[in-house]
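Breakdown of the fold
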Amino acid sequence: MRARYLVGGVAVLAVAAAAGLAVGLPKLSGGEEAAAAGPAETATVTRQTLSDTETKSGTLGYGTEHTVGARSAGTVTWLAAENAVIGRGKPLFRIDDQPVVLLYGALPAYRQLRNGVEGADVKQLEQNLQALGYDGFTVDREFTSSTASAVREWQEDLGLPETGVVEPGRIVFAGGQVRVDALSASVGDLVQPGTPILTRSGVDRAVVVELEVADERLAEVGAAVEVELPDGKRVPGKVGRVQTVIAPGVNGADPTTNLEVTVSLAAKEAVQGFHQAAVDVDFTAETRESVLTVPVAALLALAEGGYGVEVVEGGGSRIVAVQTGLFAAGRVEVSGDGLAEGTVVGMPS
């Protein structure tokens, strides 16, 4: 009878290994004086906090980088310096001595904005004009003659032709201030639409981690994480953004899909001195507090289905069916009749 359960225990180990569980940790010994009829090796049931934690590699920098390209043909006549922080209404670069200006918003500039146009991008533009001090219009989804008047004032201040029309190549939208991470062009370069000009990033230090889709459970926005820096210091962080990234296949291969996770750091002073560095990030997908646990290797696959453990007591042993919960760090949450902290269970050999 016992041999049948031991074979089942081996099957559980195989399943646990396939699931990526850490079953190779040292066994927790206990009850070494079990009766001869009992198992050769034992462990004890413990009450503890169990956490599903995984460590992933990431890159410390300034968050996700974005390439900004020219939207019109011309000559680059000025570029913001690398590491410069650019705010709303300020130029990122100049083409033919005309500025390409940063504005705030989630929608990219994709069409010409002029009198009679309606949409969310119109409202986004008007919000920026208002924030820059221009008035005389209503912030809504309609580009009216009043909006055009404010645009002409703005164009005059920028030294642009006062057309009252906003060309998509004249503005770049971002969520807030940006940092010029790197320059892709030089002053004097002749560029065409689509030519990369510079790479921008956020202004705050952040860690970017690429996860497989199978690890999506780790990437919950707002979840707390811990980041280990190259000097060994550990600092708290928080998942700030998760986006799906699809990379095209190379040489006929299928496209790949991954998750790009941006982690914000609370202790910014701790990362001073690290411009860019490889770091480790500990993600915790789930935590169960004060639960009974046994080593995963103690589980037996029961012939009637489900799992059990071999409880060692009174000079012998018996099989107790258990309900399993969280698997983590080589242990598993269990509950069952007669199980308590300190109960001795067998370890199949």
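This text follows the structure it describes.
Residues numbered from 1 in each chain as written. Predicted model: local features only at pLDDT ≥ 70, side-chain atom pairs only at ≥ 80, totals over all residues. Heavy atoms only, no water.

1. Comments concerning helix α2 (residues 120-131)
The line we're drawing: Under the DSSP-based scheme used, a helix requires at least four consecutive residues in state H or I and a strand at least two consecutive residues in state E, with every element numbered from the N terminus. What a helix is expected to span follows from its residue count: subtract one and scale by 1.5 Å. Think of it in three bands: with a 1.4 Å probe and only protein chains considered, a residue is buried below 20% of the maximum accessible area for its type, exposed above 50%, and partly exposed in between. Note on contacts: a residue pair qualifies if any of its non-hydrogen atoms lie within 4.5 Å across the two residues.
The terminal C-alpha atoms of α2, which comprises twelve residues, lie 17 Å apart, in line with the 16 Å expected from a rise of 1.5 Å per residue. Inspection of α2 places D121, V122, Q124, L125, E126, N128 and L129 among the buried residues, and these make up the whole buried set. The inward-facing, buried residues of α2 abut β7 (98-104), α3 (145-158) and β8 (171-174). Backbone geometry just after α2 places G133 at a positive phi near 100°.

2. Side note on the sheet that holds strand β3 (residues 66-69)
Remark on secondary structure: sheet strands pair via backbone hydrogen bonds, oriented parallel or antiparallel. Here is the rule: When DSSP finds two or more bridges between two strands, those strands count as paired.
Taken in spatial order, the four strands of this open sheet run β3-β11-β9-β5, and their pairing is antiparallel. What marks the edges here is a single partner per strand, and that holds for β3 and β5 (85-86).

3. Some thoughts on the pattern of salt bridges
Worth spelling out the cut-off: Salt bridges are defined as contacts in which a side-chain nitrogen from Lys or Arg sits within 4 Å of a carboxyl oxygen from Asp or Glu.
In total, this model carries 13 salt bridges according to the counting rule given. A salt bridge links D97 to R94, with the shortest nitrogen-to-oxygen separation between them at 3.3 Å. A salt bridge links D121 to R111; its shortest N-O distance comes to 2.7 Å. With D121 in helix α2 and R111 in the loop between β7 and α2, the pair connects residues that are ten residues apart, well separated along the chain.

4. What about unusual backbone geometry?
We note that N83 has phi near 75°; this positive angle belongs to a residue other than glycine. Examined against the element boundaries, N83 turns out to sit in the loop between β4 (74-79) and β5. Judged by relative accessible area, which is 46%, N83 ranks as partly exposed. Here S290, not a glycine, exhibits a phi torsion of approximately 50°, which is positive. Along the polypeptide, S290 turns up in strand β16 (residues 277-295). S290 sits in the partly exposed class, given a relative accessible area of 44%.

None of this, on its own, says anything about what the molecule does.
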